[in-house]
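# Reading the structure
Residues per chain, in single letters:
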Amino acid sequence: KQEVTQIPAALSVPEGENLVLNCSFTDSAIYNLQWFRQDPGKGLTSLLLIQSSQREQTSGRLNASLDKSSGRSTLYIAASQPGDSATYLCAAVKTGANNLFFGTGTRLTVIP
Amino acid sequence: NAGVTQTPKFQVLKTGQSMTLQCAQDMNHEYMSWYRQDPGMGLRLIHYSVGAGITDQGEVPNGYNVSRSTTEDFPLRLLSAAPSQTSVYFCASRQNYGYTFGSGTRLTVV
């Protein structure tokens with residue numbers, strides 16, 4: 001079974017700081033890895049998707065990288081803003097499987 | 001707005017009651033799925049469907065039934081609710097690789 005871990009569980013930073021969220025997975029046979037954002041009481045919003053053949057994806061101030069050999073992905077957020085405060089989830093799709101394996105998330109608070 | 005719609009948003013059930021959580025999408029996605037989210041455990045797959053008439057079990061299917069009679073709808077049925085089914089339930093659809101999630105149903109079983 002694919003195990004996905006996210007560290008830290010919570011992170012608090014001042015506005016404007018650059019930050020990195022970490023995600024590790026146990027099975028390197030992944031099809032793709034996705035990062036989601038979840039606001040309190042809301043559903044999940046897809047942020048970035050990295051195919052297994054890719055090393056990174058970028059969208060605005062967000063950059064996600066994937067290193068299958070080490071079983072790690074990182075989400076880099078540049079120039080953080082209070083509106084970035086949310087829980088960030090990573091999820092891996094294993095090759096040949098149909099489901100997302102989720103980490104438990106990192107709760108980010110950006111302090112004005 | 002196009003997307004995944006879940007109803008109800010909140011529900012309280014008594015142990016042993018049955019109910020159906022509704023999920024509808026208007027994006028013509030073939031793949032739909034149900035997840036539950038519990039504190040400290042992340043989201044876990046309950047059931048999924050790759051098209052009308054085709055369903056399969058996920059990681060935690062016990063106590064839940066699904067059917068897929070149309071592309072748009074994928075209801076989740078709790079046959080006899082138990083306190084262990086207290087959770088937040090999310091429906092999601094998928095096109096190619098990208099997932100779209102509904103806003104969730106918060107279910108409490110007392």
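Bear in mind that the values here come from a model prediction, so they are computed numbers and not experimental data.

## A few points about the interface of chain A and chain B
On the side of chain B, 19 residues touch chain A, which itself brings 20 residues to the contact. Between chain A and chain B lies a buried interface of about 1,500 Å² when both sides are counted; carbon and sulfur atoms form 56% of it. Between the two partners, chain A and chain B, sit zero salt bridges. The tally of links between chain A and chain B comes to two residue pairs in polar contact (both at pLDDT 80 or more). When contributions to the side of chain A that touches chain B are tallied by element, the ones reaching two or more residues are strand E4 (30-38), strand E5 (44-51) and strand E10 (100-102) of chain A. Top contributing element to the side of chain A that touches chain B by residue count: E4 of chain A, with five residues. The class makeup of the residues in the side of chain A that touches chain B is seven nonpolar, eleven polar and two charged.

## Some thoughts on the sheet that holds strand E8 (residues 72-77) of chain A
What links the strands of a sheet is backbone hydrogen bonding, and the strands pair in either a parallel or an antiparallel sense. Residues and elements named next belong to chain A. Here we have five strands laid out as an open sheet, ordered E1-E3-E8-E7-E6, and antiparallel in their pairing. Two strands bound the open sheet, and with one partner strand each, they are strand E1 (4-7) and strand E6 (56-59). Averaged over all adjacent pairs, the angle separating strand axes in this sheet is 15 degrees, with direction ignored. Sheet topology places strand E3 (residues 19-25) next to E8; six bridges connect them, and they run antiparallel. Bridging from a neighbouring strand, Leu19 pairs with Ile77 of E8.

Scoring rules and cut-offs
Here the residue index of a chain counts from 1 through its sequence in written order. Each chain is given a letter, starting from A, and each ligand a number, starting from 1, according to the order in which they appear as written. It should be noted that, the model being predicted, local features are given only for residues of pLDDT at least 70 and side-chain atom pairs only at 80 or more, the latter also being counted only at that level, while totals for whole chains, interfaces and linings use all residues. Hydrogens are left out, water is left out, and the side-chain values use all remaining heavy atoms of the structure. Any pair of residues with heavy atoms lying within 4.5 Å of one another is described as a contacting pair. Buried area is calculated as the accessible area (1.4 Å probe) missing from two parts once they are joined, with the contributions of both summed. Salt bridges are defined by distance alone: a side-chain nitrogen of Lys or Arg within 4 Å of a carboxyl oxygen of Asp or Glu. Each polar contact in these results corresponds to two N or O atoms within 3.5 Å; when the atoms are within protein, one needs to be able to donate a hydrogen and the other to accept it, and residues that are neighboring in sequence are counted only if both atoms are side-chain atoms. Under the scheme used here, helices are H or I runs from DSSP no shorter than 4 residues and strands are E runs no shorter than 2 residues, and both carry numbers assigned from the N terminus. Residues are grouped as follows: nonpolar covers Ala, Val, Leu, Ile, Met, Phe, Trp, Tyr, Cys and Pro; charged covers Asp, Glu, Lys and Arg; every other residue, Gly included, is treated as polar. At least two bridges found by DSSP between two strands are what make those strands a pair. Inter-axis angles, ranging from 0 to 180 degrees, are taken between N-to-C directions of lines fitted to C-alpha atoms, where helices are fitted over the stretch in contact.

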